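An overview of the molecular structure
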Amino acid sequence: MTTNEKLDRIVAKCREIIALGEKRTKGRWEKSAAAHRIESQIGLIAVMYGPEGSQIDYDDTRHRNCDFIVACAGPAEAMAKSTIAAVETSIRNDWTEGRFVESILASWPDEIL
């Protein structure tokens, strides 16, 4: 994959994250308010996608992961928007080489695109 192709995929993934954010329950998410909305699914996800062969404490993992997801919801949207701006600026100014773009590319392994 070329640098420009990967940058395009990064922007597409960021737009996907933003679109997911637009579908969420509106308003500020507090840990206590959001916990009941998502915690029942978190333990199941941790068991399904946790480290292979791990012994996961369902209840403990559910609560820790719930807190993490709630804490990341708003910042994830902001990071996606700033990543789009950085990538579009680098392409517009033909900055497709160097540390700036290399750091963006390194932050997005192919597996998550």
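Our subject in this report is the structure included herewith. This structure is a prediction, so every number in the text was calculated from the model and none was measured.

1. Digging into the overall build of the protein
Check the secondary structure of the protein and you find four helices and zero strands. A total of 113 residues make up the protein; the buried ones form 27% of that total. Sequence separation of at least 24 residues holds for 69% of the intrachain contacts in the protein that already meet a minimum separation of 6. Counting only carbon and sulfur atoms, one obtains 54% of the accessible surface of the protein, whose full area is about 7,900 Å².

2. Some thoughts on the packing of aromatic side chains
Considering all chains together, one arrives at one aromatic pair under this definition. With centroids separated by 6.4 Å and ring planes inclined at 90°, the aromatic side chains of Trp 95 and Phe 100 adopt a geometry described as edge-to-face.

3. Re the side chain of Lys 6
Mapped onto the secondary structure, Lys 6 falls in helix H1 (residues 3-23). Only 2.8 Å separates the side chain of Lys 6 from the backbone oxygen of Trp 108, close enough to count as a polar contact. Residues within four places of Lys 6 in sequence aside, it is in contact with Met 1, Leu 105, Trp 108, Pro 109, Asp 110 and Leu 113.

The rules behind these values
Residues numbered from 1 in each chain as written. Predicted model: local features only at pLDDT ≥ 70, side-chain atom pairs only at ≥ 80, totals over all residues. Heavy atoms only, no water. Helix = DSSP H or I, 4+ residues; strand = E, 2+ residues; numbered from the N terminus. Buried < 20%, exposed > 50% of the residue type's maximum accessible area, 1.4 Å probe, protein only. Contact = heavy atoms within 4.5 Å. Areas by Shrake-Rupley, 256 points an atom, 1.4 Å probe, with all protein chains shown as cover. Phe/Tyr/Trp six-rings, centres within 6.5 Å; stacked < 30°, edge-to-face > 60°. Polar contact = N/O pair within 3.5 Å; in protein donor to acceptor, adjacent residues only side chain to side chain.

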